[in-house]
Amino acid sequence: MNVLLIALLALPLLGAALTLAPLGERAALRLGVGVTGAVLAGTIALAAWFDHDTPARMQAVTDVGWIPAIGVRFHLGVDGISLPLLVLTALLTFLCAVYSSRKLPAGPGARAFTGLVLLLEVGMLATFVVLDLVLFFLAFEIVLIPMYFLIARWGSGAKVPAANRFILYTLLGSAVMLLGFLLIGGQAGTFDLTELATAHGSGLTHTTQVTAALAIMIGLAVKAPAFPLHSWLPDAHTAAPTVGSVLLAGVLLKMGTYGLVRVLLPVVPDGTATLAPYLGALAAVGIVYGSLACLALARPGAKGDLKRLIAYSSVGHMGFVLLGIASLTPSGVNGALFANIGHGLITGLLFFLVGAVKDRYGTADLDTLAGATGAALYGRAPRIGGLLAFAAVASLGLPGLAGFWGELLAMYGAFDPAAGLSRPAFLTYLVLAGLGTLLTAGYLLVVVKRVCMGDPKQPGRSDVPDLQAYEAVSWTPLAALTVVAGLWPALLLGLSDPAVKHLLGGG
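Here's what I pulled together on the structure shown here. Nothing here was measured: the structure is a model prediction, and the numbers come from that model.

## A look at the side chain of Ser82
Stage number 1. Here Ser82 is to be found in helix H3 (residues 82-102).
Stage number 2. There is a polar contact of 3.0 Å between the side chain of Ser82 and the backbone nitrogen of Asp79.
Stage number 3. When near neighbours in sequence (up to four residues on either side) are disregarded, Ser82 contacts Gly77, Phe128, Tyr258 and Arg262.

Okay, here's the thing in structure tokens:
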């Protein structure tokens, strides 16, 4: 298993290097599909061989010296927290490669595009398996350059300013996070996450823990994105190509919240507990703010961009993840991890669909799409319209779909937070989160009404093609897994719950 885990990182890195060879356009796209498909097969094999009876134990472990002078080790492993995110990353990257093989965005060419996507996959996968703080920082940084160029070279509209804002925010956040990592490593004498988690803050003074937790929390909150450090996200999503938006929302945002669980909760527990009420407050405000922003964009006459609306919805949805983590309870953190996966599946599907609508209508502007009566997808492209409605109701948290359980458990964690946290404060956050669920249902139903309903015969509108074969291949797994996760939540919670209790207890 440890050889397989290393191979999962080496394969896309090798594939990215191969794109430097003089390949044809079609050959480069086929290479991307082949490599990402092999990585997906490898993660499925890893999940099959994973010992599901002991998900709290690190498995497929590799631990060798790398930079002895400062105690940095090449330490990899996977447990019940990281395994679902590993599979989600491999799945979304493969589906993006399949989609791009038939619908390559306008830009410099297929070789560069494929190479950047594969390099991006290396960083995303590595983030979820490294067990050393320095390696975590490096993996966290690897994703920035590929995503910057995907937005700046293959995006649309104000793509260069959006890409510049993306990398400026994330680099500054990462610099602050690194200061926290160095403080912990300098005081504890190690950067190894398993050793630090076992120590559970012993050897670190309360002041050190609070300072380190604040620095790390700021850096990870930028990537999450948490209110008010989210402002780079709508521009990046609006300008990014479809596959860039899918990977940005489906995986990159999860890197921030994963880091909060993997690093903050077990390594600096006292500092995290001190800052948890503030994180919960920002999460609750973010839930309401994101929903209100979406409502403003969805109303007629607002000239709201549909991609921008979905981007703001991520601010609200990730607020539930942050609220669950801030509760410091097993139920809340499990809900946060479940919501991570649910959001990746549902929002990935939404961005695929919005990209398809933009390709067919030539715009993502809601007023232009809807016209006088609505875009009428139900009548003009019923399969795409049905999928969009399905993704919308999944996103608003309909019971039986993947969006429901994570938000429910996160709110339950806020209802009864960990000892030492102010219950009245978290009950206030719970009320705001509940308001956010109502607002979420409101703007998503408005979007469905304006985009899916209407007169298909209105003047000036020609027929649009319905679901194509390559789109069905790219989107069906996400829709199917949204149903599976909603009906069988134990599939994910059975993995994460023992691992979460282990981390919270000092493991």
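## Comments concerning the packing of aromatic side chains
Stage number 1. All chains considered together, the criterion is met by 14 aromatic pairs.
Stage number 2. Taken together, a centroid distance of 5.0 Å and an interplanar angle of 50° make the contact between Phe227 and Tyr289 tilted. With Phe227 in the loop between helix H9 (206-223) and helix H10 (232-239) and Tyr289 in helix H12 (residues 269-298), this residue pair connects regions lying 62 residues apart in the sequence.
Stage number 3. For the pair Phe352 and Trp475, a centre-to-centre distance of 6.3 Å together with 35° between the ring planes defines the contact as tilted. Within this pair, whereas Phe352 is found in helix H14 (residues 330-361), its partner Trp475 is found in helix H20 (residues 469-487), the two being separated by 123 residues in sequence. Comparing Phe352 with Trp475 shows no difference in burial state: the two are buried.

## Some details on helix H1 (residues 2-18)
Stage number 1. Along its 17 residues, H1 runs 24 Å from first to last C-alpha, staying within 8% of the 24 Å computed at 1.5 Å per residue.
Stage number 2. At Leu8, H1 shows its maximal kink, close to 25°; a proline, Pro12, follows between one and four residues later.
Stage number 3. All of the buried residues along H1 are Leu4, Leu5, Leu8, Leu9, Pro12, Gly15 and Ala16.
Stage number 4. Among the structural elements, helix H2 (25-49), strand S1 (59-67), strand S2 (72-78), H3 and helix H4 (110-127) are those in contact with the buried residues of H1.

## Some points on the pairing of S1
Stage number 1. Examined bridge by bridge, S1 and S2 share six bridges and lie antiparallel to one another. Residue pairing for S2: Asp63 is matched across the bridge by His75.
Stage number 2. Adjacent in sequence and paired antiparallel, S1 and S2 are bridged by four residues, among which Gly71 carries a positive phi angle near 75°.

## With respect to the pattern of salt bridges
Stage number 1. Within this structure, the stated rule accounts for 10 salt bridges.
Stage number 2. Between Arg57 and Asp51 there is a salt bridge, with its nearest N and O atoms 3.6 Å apart.
Stage number 3. Look at Asp51 and you get partly exposed, because its relative accessible area is 28%.
Stage number 4. When the shortest N-O distance is used, the salt bridge between Arg165 and Asp235 registers 2.8 Å. A residue pair is termed long-range when its members are at least 10 positions apart, and Arg165 in helix H7 (residues 159-188) and Asp235 in helix H10 qualify at 70 residues.
Stage number 5. Through salt bridges with shared partners, one network takes in Arg165, Asp235 and Arg308.

## Quick word on the nonpolar core
Stage number 1. One finds Leu46, Ile151, Phe166, Leu252, Leu309 and Trp475 to be the most contacted residues of the largest nonpolar core, which totals 174 residues.
Stage number 2. In terms of residues, this core owes the most to one element, H14, which gives 17 residues.
Stage number 3. Apart from the residues lying within four places of it in its own chain, the contact partners of Trp475 are Tyr99, Leu349, Phe352, Leu353, Ala356, Ile384, Leu387 and Leu467.

Rules and cut-offs
Residues numbered from 1 in each chain as written. Predicted model: local features only at pLDDT ≥ 70, side-chain atom pairs only at ≥ 80, totals over all residues. Heavy atoms only, no water. Helix = DSSP H or I, 4+ residues; strand = E, 2+ residues; numbered from the N terminus. Polar contact = N/O pair within 3.5 Å; in protein donor to acceptor, adjacent residues only side chain to side chain. Contact = heavy atoms within 4.5 Å. Phe/Tyr/Trp six-rings, centres within 6.5 Å; stacked < 30°, edge-to-face > 60°. Buried < 20%, exposed > 50% of the residue type's maximum accessible area, 1.4 Å probe, protein only. Expected span 1.5 Å × (residues − 1). Bend = angle between axes of the 7 residues up to and from the residue. Pairing = 2+ DSSP bridges. Salt bridge = Lys/Arg side-chain N within 4 Å of Asp/Glu carboxyl O. Core = buried A, V, L, I, M, F, W, Y, C linked by side-chain atoms within 4.5 Å.

So yeah, pure geometry; function would need other evidence.
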